[in-house]
Amino acid sequence: MRAADWCLSSAGADVVLATSSDEQHPAENMADGSSETFWTTTGMFPQEFVIGFPKCVKISKVAIQCYLVRTLRIERSVSKDPVDFEPCVEKDLQHTEGQLQMEEFPLPDFQATYLRFIIKSGFDHFVSVHRVMAEGTAEDT
C-alpha cells in the first residue's frame, strides 16, 4: 500500500480546532497542500491546532513548515473524538531568519485519528504554520 499525506484536505483531513482565528489566514490553509498559504497565530502562547483524519491511519513521519516557532509538541489520539491525547514528540526548533522552518519527525509506525500540534513558544509574538504533513497508510478496518 502506497503511503499518502493524510494532512491534506483532499485526503479528507479536517482542522477541527485552532486557538487563533484570522480571516485572512484561516487554519484550513495548513491542509491545502501549499506553502504559499498559512495559518497565523494572534498573540499569546501556547497556541494549538488539531487535525482529524477520515479514518485511523498508521503514520511513519510527521513534518511541518512554519515560521518563528520556537518550541513545538505533537500529540496523537486514536479516539473517535479529539480527546485522550498522548505525547509523541517535543522539540525546540532552530530560528531561520527570513525563511520557513522545515522540520521532520520520523516516528515509529503509530496509529492516529487526530494529531494535536501545540506551539509552546515562538521567536516573536506571532508565528505562522504553512503546511503540516503526516505520511502513512490507512489502517484496515
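These figures come from a predicted structure and were not determined experimentally.

Examining the nonpolar core
Then, in step 1: Judged by nonpolar contacts, the single largest core of 33 residues is most densely connected at Phe53, Ile59, Leu115, Phe117 and Val129.
Then, in step 2: At the level of secondary structure, the elements contributing two or more residues to this core comprise β4 (47-67), β5 (69-77), β7 (101-122) and β8 (128-138).
Then, in step 3: Sorting elements by how many residues they give to this core places β4 first, with eight residues.
Then, in step 4: Beyond its immediate chain neighbours, meaning those up to four positions away, Leu115 contacts Phe49, Val50, Ile51, Phe53, Ile59, Val62, Ile74, Glu75, Arg76, Phe85, Phe110 and Ala134.

Comments concerning unusual backbone geometry
Then, in step 1: A cis amide bond, omega 5°, links Phe45 with the succeeding residue Pro46.
Then, in step 2: Even without being a glycine, Leu68 presents a positive backbone phi close to 70°.
Then, in step 3: Positionally, Leu68 belongs in the loop between β4 and β5.
Then, in step 4: Of note in this structure, Asp84 is not a glycine but carries a positive phi near 55°.

Quick notes on the pattern of salt bridges
Then, in step 1: Per the counting criterion, the structure on display carries ten salt bridges.
Then, in step 2: Across the pair Asp5 and Arg131 runs a salt bridge whose closest N-O atoms are separated by 3.4 Å. With a gap of 126 residues between them, Asp5 in strand β1 (residues 4-5) and Arg131 in strand β8 connect regions that are remote in the sequence. The pair formed by Asp5 and Arg131 is uniform in burial state, with each residue classed as buried.

Overview of the state of the cysteines
Then, in step 1: Using the criterion set out here, one finds zero disulfides in the structure.
Then, in step 2: No disulfide involves Cys66; its sulfur sits 13 Å from that of Cys7, the nearest cysteine.
Then, in step 3: Classification of Cys66 by relative accessible area gives buried; the value is 0%.
Then, in step 4: This cysteine, Cys88, is not joined by any disulfide, and Cys7 carries the nearest cysteine sulfur, 12 Å off.
Then, in step 5: According to the relative accessible area criterion, Cys88 is partly exposed, its value standing at 26%.

Thoughts on the environment of Asn29
Then, in step 1: Within the secondary structure, Asn29 sits in the loop between β2 (14-18) and β3 (39-40).
Then, in step 2: Each C-alpha atom, one on Asn29 and one on Lys58, is 24 Å from the other, the two residues being 29 residues apart in sequence.
Then, in step 3: In contact with Asn29, other than residues within four places in its own chain, are Gln24, Ser34, Thr37, Phe38, Trp39 and His130.

Here's the deal with the packing of aromatic side chains
Then, in step 1: Counted according to the given criterion, the structure contains two aromatic pairs.
Then, in step 2: The interplanar angle of 70° and the centroid separation of 5.4 Å between the aromatic rings of Trp39 and Phe49 together place this pair among those described as edge-to-face. Residue Trp39 is located in strand β3, and its partner Phe49 is located in strand β4; the two are separated by ten residues in the primary sequence.
Then, in step 3: Residue Trp39 is classed as buried on the basis of its relative accessible area, which comes to 0%.
Then, in step 4: Ring geometry for Phe49 against Phe117: centres 4.8 Å apart, planes inclined by 10°, an arrangement best described as stacked. Placement of Phe49 in strand β4 and of Phe117 in strand β7 is noted, with a sequence separation of 68 residues between them.

Thresholds applied
Residues numbered from 1 in each chain as written. Predicted model: local features only at pLDDT ≥ 70, side-chain atom pairs only at ≥ 80, totals over all residues. Heavy atoms only, no water. Core = buried A, V, L, I, M, F, W, Y, C linked by side-chain atoms within 4.5 Å. Buried < 20%, exposed > 50% of the residue type's maximum accessible area, 1.4 Å probe, protein only. Helix = DSSP H or I, 4+ residues; strand = E, 2+ residues; numbered from the N terminus. Contact = heavy atoms within 4.5 Å. Salt bridge = Lys/Arg side-chain N within 4 Å of Asp/Glu carboxyl O. Disulfide = S-S within 2.5 Å. Phe/Tyr/Trp six-rings, centres within 6.5 Å; stacked < 30°, edge-to-face > 60°.

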